[in-house]
Amino acid sequence: MHPPVITFVSDYGLDDDFVGVCHGVIHAICPQARVIDLTHGVRRHDIGGGALILRQAIPYMPVGIHLAVVDPDVGAKRRAVALEVGDGRILVGPDNGLLWPAAQAAGGVVDAVDIASSPFRLEPVSATFHGRDIFAPVAAHLAAGASLQEAGEACDSDLLVRWLESRPTRRDGVLVSHALYVDRFGNVQLDVAHEDIRSSGLKLGTAVVLELPSGRSHDATYVRTFADVAPEQLIVYEDAYRRLAVAVSNGNAAEQLGVRIGEELRIRPQ
Amino acid sequence: MHPPVITFVSDYGLDDDFVGVCHGVIHAICPQARVIDLTHGVRRHDIGGGALILRQAIPYMPVGIHLAVVDPDVGAKRRAVALEVGDGRILVGPDNGLLWPAAQAAGGVVDAVDIASSPFRLEPVSATFHGRDIFAPVAAHLAAGASLQEAGEACDSDLLVRWLESRPTRRDGVLVSHALYVDRFGNVQLDVAHEDIRSSGLKLGTAVVLELPSGRSHDATYVRTFADVAPEQLIVYEDAYRRLAVAVSNGNAAEQLGVRIGEELRIRPQ
Amino acid sequence: MHPPVITFVSDYGLDDDFVGVCHGVIHAICPQARVIDLTHGVRRHDIGGGALILRQAIPYMPVGIHLAVVDPDVGAKRRAVALEVGDGRILVGPDNGLLWPAAQAAGGVVDAVDIASSPFRLEPVSATFHGRDIFAPVAAHLAAGASLQEAGEACDSDLLVRWLESRPTRRDGVLVSHALYVDRFGNVQLDVAHEDIRSSGLKLGTAVVLELPSGRSHDATYVRTFADVAPEQLIVYEDAYRRLAVAVSNGNAAEQLGVRIGEELRIRPQ
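Everything numeric here is computed off the predicted structure, so don't read it as measured data.

Asks: What exactly am I supposed to notice about the overall build of chain A here?
Replies: On a plain count of helices and strands, chain A comes out with 7 helices and 15 strands. Relative to the compact-globule value of 18 Å for 270 residues, chain A shows a C-alpha radius of gyration of 20 Å, a close match. Counting only C-alpha atoms and orienting by the principal axes, one finds that chain A spans roughly 60 × 40 × 35 Å. A buried classification covers 60% of the 270 residues belonging to chain A.

Here you go:
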């Protein structure tokens, strides 16, 4: 028997004790649990960024309890939920779209409970730190073997808040994509999935032009990896999550191009 | 039997190997220990900030060994200590006030030893990294079952360095408080505890004026949580540690108000 | 029987999910493994900095699998390797010099395999995230008991890429050293080892002059620890890894002096 696993992603950062306190709460309830910190570097209140990270990372995580907290409306009316999904995982977090893409990717929601008044809550529940008072203790009790039904009240999964990602389109031979995520290296992930890349007709080693909302355009090359070009060169490549991305070899594409999350990037083959 | 727990807070940061090396030292001595990193983001040499975090977080931590290192006088004359407190926890760290508030909150010091010359030290002891050479190995041996007496020489707990927090006062209907801590979101925690809030007469939903040392004053509302007001609005609220705090919904209060730790904030009901 | 240990150092940072995903991959393969994060704050692509951290930290780590990823040429022709060293440790990472100093310090390479086509790889192997797809799974299988031979193909250890550190010299009574590393506190580690310090004739408490490439020079004192001087004073001291280092008590020496990694610092006794 392996110990139960709780994965944990949030926008809490590591400068304060938010994450450490949640670890303490989990350990006090379920000492045998192993907590894997996916990251706590999600941009503050960036539900879309957190949702993307969780969905992309979850296939690499052991099946377990998946705790996620990016919660700009903490203490207000948004629901707090635990969701069982098709492949047996349980997702715990605010019902603000954060869990939705991962839930879909992991087989869809099979069962849902509202945990706002869970018997597993730590009392008194604060108005501003539900990670500590609701989400972490519920996750810990579920890891320790509690059933979803014990964790909260049944809720209609059709009413869950959804998070829909942008999709690329094609216009006159140009691939119109959108920036989804920027990592610490300044690499910009686009909403162009593996299948979209295949059908785009892009050919390894060929030149493309990147057109930005500012009206500026930049020459780039479609390659496999950073080291395929000289330092400082702009590239388009299929990233480790099999999405099209933009990078500067040995540089920072997001800064250099001035790209922001959600912005349109047009890719024109040459 | 659950594995022993060591919690760990410091100002080491995570950019270097300081924390990782301490984990390695602990594991080599007590492989069964579980280490919970409370945070390593305490501001450099900020004994008060570290003391506050430890005291506030400790009720959420499993009873165990609690390692804390914020140590501006490492290698100089300050004592290194391990303290057993009333509720059975053991605190390990420099005797510079860092452990004091948590020790008081956890039942007061019951027994104290000076570990500067502990037989558990790693030799040669460096002059600048007692986390690795003294505190972590002592914590690990205590987690592995060593007694306090084996860890060092008895020392008089009356001589321990104390850390006294500021306290709010009332003058002419104005609550005179002080900034204790600023978190990554810029929320400013004040020295006004739950009981002080209750006796202050502040009423949820009412307006207050915040007066700063600069002479400037700002309108705010006393509410339960961030989402109770529109973005960018200044609020006063009872935070997750049940202390009065100041925040800007979706913004950074510390930056916007220019508040620094220790500064006086006067709260005037309207 | 203690659980197997995997230590992990990289330049991935903690803002994204790179590290968390590697933890997930490891756990899925070897749930009993304990992962110790040495640090993920190595400067981007700084092979020398990563190599130094790994070499200096490894004596404090339990014997186990030591995973290191600073990999500017990921996806290109550099080899990926697992190395067994004299003291029984196994090092896993790119063959770009990163592992070399630690391997030498731990008894020298005894056996080496090329893991680029390891049967333990995660398919499809991405071109840009070998941490997830090659290094972490190989480390996990080795931790779970696989042999080096199962992990890859034998390779000639004489062909491994080496990383040679700079060495100090003496000219006309002046110690000519080089900056190896700057930590979060701005302390500058030099390439002057314990034995070099002893033979340098430096005497505790005496004044020295630091001469920089810019032509500027600064008065400093050779002391044991920061607290031996007043705040803001420049010191030279033997650091926790027994190397000569430069610091400003309560300040940031690297910023104040404008020192960069690799630069020459001349230390002239007075």
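Asks: Would you mind going over the side chain of Ser10(C) with me for this structure?
Replies: Residues and elements named next belong to chain C. Note that Ser10 resides in strand β1 (residues 5-10). Assessed through its relative accessible area of 0%, Ser10 is described here as buried. Reaching out from Ser10, the side chain makes a polar contact with the side chain of His40 at a distance of 2.7 Å. Aside from chain neighbours lying at most four places away, what touches Ser10 is Val19, Thr39, His40, Gly41, Val42, Val69 and Val70.

Asks: How do you make sense of the interface of chain A and chain B when you look at a structure like this?
Replies: A common way to state how big an interface is: give the accessible area lost once the parts meet. Each partner contributes residues to the interface: chain A has 33 residues there, and chain B has 34 residues. In total, about 2600 Å² of surface goes out of reach between chain A and chain B, with carbon and sulfur atoms giving 56% of it. Linking chain A to chain B there are 0 salt bridges. Scanning the region where chain A abuts chain B turns up 17 residue pairs in polar contact (both at pLDDT 80 or more). In terms of residues, the side of chain A that touches chain B owes the most to one element, helix α1 (residues 18-29) of chain A, which gives 8 residues. Among the residues making up the side of chain A that touches chain B, the classes are represented as 15 nonpolar, 11 polar and 7 charged.

Asks: I'm lost on the relation of the copies chain A and chain B in this one. Help?
Replies: The relation between the two chain copies is a rotation about an axis coupled with a shift along that axis. Note on the copies: chain A fits chain B at an RMSD of 0.0 Å, the axial shift is 0.0 Å, and the rotation between them is 120°. Such a combination of rotation and displacement between the chain copies is what one expects of a three-fold axis. Taking C-alpha positions as the reference, the residue of chain A nearest the rotation axis is Leu14(A), at 5.2 Å. A share of only 9% of the interface residues of chain A reappears at the interface of chain B, consistent with the copies meeting through non-equivalent patches.

Asks: Would you take a moment to explain the relation of the copies chain A and chain C for this structure?
Replies: In screw terms, the move from chain A to chain C is a rotation of 120° and a rise of 0.0 Å along the axis, fitting with an RMSD of 0.0 Å. Interface residue correspondence from chain A to chain C reaches only 9%, placing this contact among heterologous pairings that use different surfaces.

Asks: Sorry if this is basic, but what is going on with the interface of chain A and chain C here?
Replies: On the side of chain C, 33 residues touch chain A, which itself brings 34 residues to the contact. In this assembly, chain A packs against chain C so that about 2600 Å² is buried in total across both faces, 57% of it on carbon and sulfur atoms. Broken down residue by residue, the surface that chain A buries against chain C is led by Tyr60(A), Arg184(A) and Phe185(A), which jointly contribute 24%. Taken together, the connections running from chain A to chain C amount to 0 salt bridges.

Asks: Would you explain the packing of helix α1 (residues 18-29) of chain B against helix α4 (residues 130-143) of chain B in this entry?
Replies: The relative placement of two packed helices is expressed as an angle between their axes plus a distance between the axes. Residues and elements named next belong to chain B. Here α1 crosses α4 at 40°, and the two axes come no closer than 9 Å. As the angle between them shows, α1 and α4 are arranged oblique. Like other packed secondary-structure pairs, α1 and α4 cross with a definite hand, here right-handed. Facing α1, whose interface residues are Val21, Cys22, Val25, Ile26 and Ile29, α4 presents Gly131, Arg132, Ala136, Pro137, Ala140 and His141. Considered class by class, the residues forming the contact of α1 with α4 number 8 nonpolar, 2 polar and 1 charged.

Asks: Honestly, the state of the cysteines in this entry has me stumped. Any pointers?
Replies: A covalent bond bridging the sulfur atoms of two cysteines is what the word disulfide describes. All chains considered together, the criterion is met by 0 disulfides over all chains. This cysteine, Cys30(B), is not joined by any disulfide, and Cys22(B) carries the nearest cysteine sulfur, 15 Å off.

Asks: When you look at a nonpolar patch on the surface in this model, what are you seeing that I'm missing?
Replies: Where nonpolar side chains cluster on the molecular surface, the patch consists of Leu14(A), Leu14(B) and Leu14(C) and spans about 190 Å² of accessible area. Looking at where Leu14(C) falls in the secondary structure, it is placed in the loop between β1 and α1 (18-29).

Asks: What is the right way to look at the sheet that holds strand β1 (residues 5-10) of chain B in this model?
Replies: Pairing within the open sheet is mixed, and its 7 strands lie in the order β2-β1-β3-β5-β4-β6-β7 (chain B). The sheet is open, and its two edges are formed by β2 (34-39) and β7 (153-154) of chain B, each paired on a single side. Alignment of strand β4 (residues 80-85) of chain B against strand β5 (residues 90-94) of chain B, held across 5 bridges, turns out to be antiparallel. Residue pairing for β5(B): Leu83(B) is matched across the bridge by Leu91(B). The strands touched by α1(A) are β1 and β2 of chain B; relative to β2(B), the strand with the most contacts, the crossing angle is about 145°.

Asks: Any chance you could explain unusual backbone geometry here in plain terms?
Replies: Glycine aside, residues mostly have negative phi, and peptide bonds are mostly found in the trans state. Residue Glu123(A) is joined to Pro124(A) through a cis peptide bond whose omega torsion reads -5°. As for its placement among the helices and strands, Pro124(A) is situated in the loop between β6 (109-114) and α4 (130-143). Positive phi values are uncommon outside glycine, yet Asp172(B) reaches one of about 50°. Structurally, Asp172(B) can be placed in the loop between β8 (169-171) and β9 (174-182). Its identity is not glycine, yet Glu232(C) carries a phi of approximately 80°, on the positive side.

Asks: Explain α1(A) here, please?
Replies: Residue and element names in this part refer to chain A. End to end, α1 covers 17 Å across 12 residues, agreeing with the expected 16 Å (1.5 Å per residue, within 8%). Burial analysis of α1 places 10 of its 12 residues in the buried class, the great majority of the element. All of the buried residues in α1 are Phe18, Val19, Gly20, Val21, Cys22, His23, Gly24, Val25, Ile26 and His27.

Asks: I would appreciate a short explanation of the pattern of salt bridges in the present structure.
Replies: Between side chains of opposite charge, pairing is possible as soon as their charged atoms come close. Summed over all chains, the structure comprises 35 salt bridges over all chains. Where Asp196(C) meets Arg167(C), a salt bridge forms, and the shortest distance between an N and an O atom there is 3.0 Å. Highlighted residues: Asp196(C) in helix α6 (residues 194-200) and Arg167(C) in the loop between β7 (153-154) and β8 (169-171), separated in sequence by 29 residues. Put simply, Glu211(B), Glu264(B), Arg266(B) and Arg268(B) are held in one network by salt bridges that share partners.

Asks: So what exactly am I meant to see when it comes to helix α2 (residues 47-57) of chain A here?
Replies: Spacing of three or four residues puts side chains on the same side of an α-helix, whose turn is 3.6 residues. Taken across its 11 residues, α2(A) has 11 buried, putting it largely inside the fold. Taken together, the buried positions of α2(A) are Ile47(A), Gly48(A), Gly49(A), Gly50(A), Ala51(A), Leu52(A), Ile53(A), Leu54(A), Arg55(A), Gln56(A) and Ala57(A).

Asks: How do you make sense of the packing of aromatic side chains when you look at a structure like this?
Replies: Considering all chains together, one arrives at 18 aromatic pairs over all chains under this definition. Taken together, a centroid distance of 6.3 Å and an interplanar angle of 70° make the contact between Tyr60(A) and Tyr241(A) edge-to-face. Note that Tyr60(A) is positioned in the loop between α2 and β3 (65-69) and Tyr241(A) in the loop between β13 (234-238) and β14 (243-248), a separation of 181 residues in sequence. Since its relative accessible area comes to 17%, Tyr241(A) is described here as buried. In textbook terms, an aromatic cluster arises when at least three aromatic residues are bridged by ring pairs, as seen for Tyr12(A), Phe18(A), Phe129(A) and Phe185(B). Arg132(A) extends its terminal NZ or CZ atom over the ring of Tyr241(B), reaching a point 5.2 Å from the ring centre.

Thresholds applied
- Every chain is numbered independently, its residues counted from 1 as its sequence is written.
- By the order in which they are written, chains take letters starting at A while ligands take numbers starting at 1.
- Totals for whole chains, interfaces and linings use every residue, but because this is a predicted model, local features are given only for residues with pLDDT of at least 70 and side-chain atom pairs only at 80 or more, for both listing and counting.
- Working from all heavy atoms in the structure, the side-chain values ignore hydrogens and water.
- Think of it this way: any DSSP run of H or I at least four residues long counts as a helix, any run of E at least two long counts as a strand, and we number them from the N terminus.
- Radius of gyration: C-alpha atoms only; globule rule: 2.2 Å multiplied by the number of residues to the exponent 0.38.
- For the exposure calls, accessible area comes from a 1.4 Å probe over protein chains only, and a residue counts as buried if that area is under 20% of its type's maximum, exposed if over 50%, partly exposed in between.
- In protein, a polar contact requires one atom able to donate a hydrogen and another able to accept it; more generally it is a pair of N or O atoms within 3.5 Å, and residues adjacent in sequence count only if both atoms are side-chain atoms.
- By definition, residues are in contact when any of their heavy atoms lie within 4.5 Å.
- A simple way to read buried area is as the amount of 1.4 Å-probe accessible surface that goes missing from two parts once joined, with both sides added.
- For this document, the term salt bridge refers to a Lys or Arg side-chain nitrogen within 4 Å of an Asp or Glu carboxyl oxygen.
- Under the scheme applied here, ten amino acids are nonpolar (Ala, Val, Leu, Ile, Met, Phe, Trp, Tyr, Cys and Pro), four are charged (Asp, Glu, Lys and Arg), and all others, including Gly, are polar.
- Least-squares superposition of the copies uses the C-alpha atoms of those residues scoring a pLDDT of at least 70 in each of them.
- Angles run from 0 to 180 degrees between N-to-C directions of axes, and those axes are lines fitted to C-alpha atoms, restricted for helices to the stretch in contact.
- Any angle that falls under 35 degrees is termed roughly parallel, while one over 145 is termed roughly antiparallel, one within 65 to 115 roughly perpendicular, and all others oblique.
- Rotating anticlockwise by less than a right angle from the far helix to the near helix defines a left-handed crossing, while the corresponding clockwise rotation defines a right-handed one.
- By definition, disulfides here are pairs of cysteine sulfur atoms that lie within 2.5 Å.
- In this scheme, patches are assembled from residues that exceed 30% relative accessible area and form no salt bridge. Like charges are connected within 9 Å, while nonpolar side chains (Val, Leu, Ile, Met, Phe, Trp, Tyr) are connected within 5 Å.
- Per-residue and other accessible areas follow the Shrake-Rupley method at a 1.4 Å probe size, with only the shown protein chains counted as cover for residues.
- Two strands are said to pair when DSSP picks up at least two bridges between them.
- Multiplying 1.5 Å by the helix residue count minus one yields the expected span of that helix.
- Here a Phe, Tyr or Trp ring, Trp counted by its six-membered ring, pairs with any other such ring whose centre lies within 6.5 Å, and the pair is stacked when the planes are under 30 degrees apart, edge-to-face when over 60, and tilted otherwise.
- We call a charge positioned over a ring when the NZ of a Lys or the CZ of an Arg lies within 6 Å of the ring centre and within 35 degrees of the ring normal.

The quantities given are spatial measurements derived from coordinates; they are silent on function.
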